[in-house]
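# Observations on the model geometry
Next come the chains, spelled out residue by residue.
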Amino acid sequence: MKHPLSVSQLTVNYDNTPSLWDISFEAPQGLIGLIGPNGAGKSTLIKATMGLVEPLSGKILFFGKPLAEVYQRIAYVPQRESVDWDYPITVRDVVMMGRYGHLGLLKWPRQADEEAVDHMLELVGMTPYTHRQISQLSGGQQQRVFLARALVQEADLYLMDEPFIGIDHATETFLINLLRTLAAKGKTVFVVHHDLNAVEKIFDWVVLLNVRLVAAGPTQEVFTADNLRAAYGTSYSLLDEAFKIALQKQHGV
Amino acid sequence: MNILDYFFDPIFRGPTIGTMLMCLSAALVGAIVLLRRQSLVGEALSHSTYPGVVLGAALAGVLFGESVSNTTMSIFILTGAAIFAFLGWCGIQFLERSLHIRSDAALCLILSLFFGIGVTFASDVQFAYSSLYMQIQMYLFGQAATMTDFHIALYSLLSLLVITIVVVFQRELELVTFDRQYAKTIGVRTFLVEAWITLLLILAIVIGIRSVGIVLMSAMLIAPAAAARQLATSFRSLLTLTALVAVLSAFLGNYLSIEIPALLDAGSLSLPTGPMIVLVATVLCLFALLFSPGRGVVLRLVRRLRFRHRCLCENILKTLWKLGARETHTKAEILQYQSLSKWHLTLILRQLQWEGWLSLSKGNIQLTHAGEQRGGHIVRLHRLWELYLVTCAGAGIERVHRNAEEMEHILTPEIEAELTRLLHNPQKDPHRQPIPPQELL
């Protein structure tokens, strides 16, 4: 079987994003954690796989194919802070965005789209807020809306950027259960995560990262004291610094 | 003058219908620009059209002589304006992307550079073709009153184009303005959508400068959308409200520029239509900023004052409860605990009596049964919160009172129930004072 996500020799060095150097791994189906300290390049990795950041080199394949051929099977959940929550839009309209790929002529929603949206809103417990403007939502509710938007895409692979940040306890429990259910249904879910405490409880498989790949594999094998020291220690901090200087030299700054 | 005359009279229908169409298209594009936080781009691009206007007019003058027809002239000028607006946009992109200049500085540079070139050209034209110069000046400050049926036709066409594009691509526009990166991941060609937005902006500006002028154009783009933003809860309602405000401002601008001089019976006074439209739109925008139900400054102030008043009322009930819920008290006793003027206290006591919380007779104040319950409830919330702060939030005993003074007016029944559960239905607060039990209330 083709791996849901395989990354080979990926290198990214881009103005304002943390850099990545020579990352290679092949992830199996399941619930996968992308772990590393701040500035390790976790979000950069996700963005590079989704084509939002241009890599210097490297190859990324989803289910053995390049993104352009399979983008409809992949759903991205950006960080909550990436959008303006004061934007005049209702909860329902945000979730409807996820149906964009399914919409008919002139992008009018059809009955199936309406029902998919209502169903997912109910699943994430946001039905009472359907017609509210998004500015009235709490952090946990915002995350639920983003989840619903990704779920209506009916994808096979989900990439979630820091979904656990700034959410309430109930949403956290809900999210963990949801991730498990998705994995049990044969989906693959990548979750960027920076809190080490719950990693072993949540994830089957882990990618441990700090500019370069520290380790990737089943959680018990990767989550060793040595690997964690390597990822969270200071030995890698020079790497990113040197890359940024190299970038400046190339630009002649 | 009859209102219908504005739409049917051969002299007035040109300006009225023409400006309404122009405002509609400008405002719809403005709404998108506002959401993208690019309001100043409109300002820069409208000024960039000036050299285009001058060159277009000069070219038409050279090719067709002084007797050039209005239609030909308009087409030359509009084309020149569009070309230079596009060049201005390219300039902004170059400064931001290649020279890494911050957006505000880039806009400022382009605005003054292009406008400066325009002024230089214009002063040359002024001496060579003085009649053309009049035409050029018209675009600088706008001259809606001289618009004809030809303008209605031209602007209807252009406005229809803008409206169609906005309506057909509204989903893409919404996606790209709300969450550009996400839009890319679900297969929206963001580059194309952004190119369309630029094209629409240039189109809207070119349509608009004839009636409100280069200098005031950006107000026409932004004011209706800014007003609508105060009320809109969805992308579609934003577009609808923006369109309404725009059409209303255009009509009122025309109406007032004719009716005010007539009303004042001052034949010499003339109010130009373009600036009048901008003024109306700005006043509507200001009105929305002040009075919109959710975000308006005035209503927020009213709500704040009402909350403060409620706190005061509740504090007085609380004081009476603490002084002895079943006994009578005097104003002087209350004033020992609450700092407010005697006059103000009298007013509030009257209100509380009117609402049935207490009874007043000859200066004696006594809580009613309902008042006793409400006073006790406030004390309960106060003491529950203090206990919560000390036991669950680890706050020092001496520091919790002030916070509880505020929270006693805020805590909802749901939070109260949760506190009761969390603290195991407590009987005493951290200061060993009894917490009034819930059953009694």
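Relevant structure appears above.
Throughout what follows, the structure given in this document is the object of discussion.

## Observations concerning the overall build of chain A
When helices and strands are counted, chain A shows ten helices and nine strands. Relative to the globule expectation of 18 Å for 253 residues, the C-alpha radius of gyration of chain A, 19 Å, shows essentially globular dimensions. Dimensions along the principal axes, computed over C-alpha positions, put chain A at roughly 55 × 40 × 40 Å. A total of 253 residues make up chain A; the buried ones form 41% of that total. Long-range pairs, those at least 24 residues apart, make up 70% of the contacts in chain A with a sequence separation of at least 6.

## Quick notes on the nonpolar core
Membership of the largest hydrophobic core comes to 165 residues, with the highest contact counts inside it found for Val95(A) and Met220(B). At 15 residues, the largest contribution of residues to this core is made by helix α2 (residues 13-35) of chain B. The residues touching Met220(B), leaving out its near neighbours within four places in the chain, are Cys23(B), Ala26(B), Gly208(B), Val212(B), Val278(B) and Ala281(B).

## Section: the interface of chain B and chain A
Chain B puts 19 residues into the contact, and the matching count from chain A is 20 residues. Those elements that place two or more of their residues in the side of chain B that touches chain A are α8 (170-178), α9 (180-185) and α12 (235-264) of chain B. When residues of the side of chain B that touches chain A are assigned to their parent elements, the largest contribution, four residues, is made by α9(B). In terms of residue class, the side of chain B that touches chain A is made up of ten nonpolar, five polar and four charged.

## Points about the packing of α2(B) against helix α11 (residues 217-229) of chain B
Residue and element names in this part refer to chain B. Where α2 contacts α11, the two axes come as close as 7 Å, and the packing angle between them is 65 degrees. Relative to α11, the element α2 lies roughly perpendicular. Once α2 is placed against α11, the crossing between them reads as right-handed. Side by side, α2 and α11 meet where Cys23, Ala26, Ala27, Val29, Gly30, Ala31, Val33 and Leu34 of the first sit next to Met220, Leu221, Ile222, Pro224, Ala225, Ala226, Ala228 and Arg229 of the second.

Procedures and definitions
- Residues numbered from 1 in each chain as written.
- Chains lettered and ligands numbered in written order.
- Predicted model: local features only at pLDDT ≥ 70, side-chain atom pairs only at ≥ 80, totals over all residues.
- Helix = DSSP H or I, 4+ residues; strand = E, 2+ residues; numbered from the N terminus.
- Rg over C-alpha atoms; globule rule 2.2 N^0.38 Å.
- Buried ≥ 20, exposed ≤ 12 C-beta atoms within 10 Å, placed from the backbone.
- Contact = placed C-beta atoms within 7 Å.
- Core = buried A, V, L, I, M, F, W, Y, C linked by C-beta atoms within 7 Å.
- Nonpolar A, V, L, I, M, F, W, Y, C, P; charged D, E, K, R; others polar.
- Axes fitted to C-alpha atoms, helices over the stretch in contact; angles between N-to-C directions.
- Parallel < 35°, antiparallel > 145°, perpendicular 65-115°, else oblique.
- Left-handed = near helix turned anticlockwise from the far one by under 90°.

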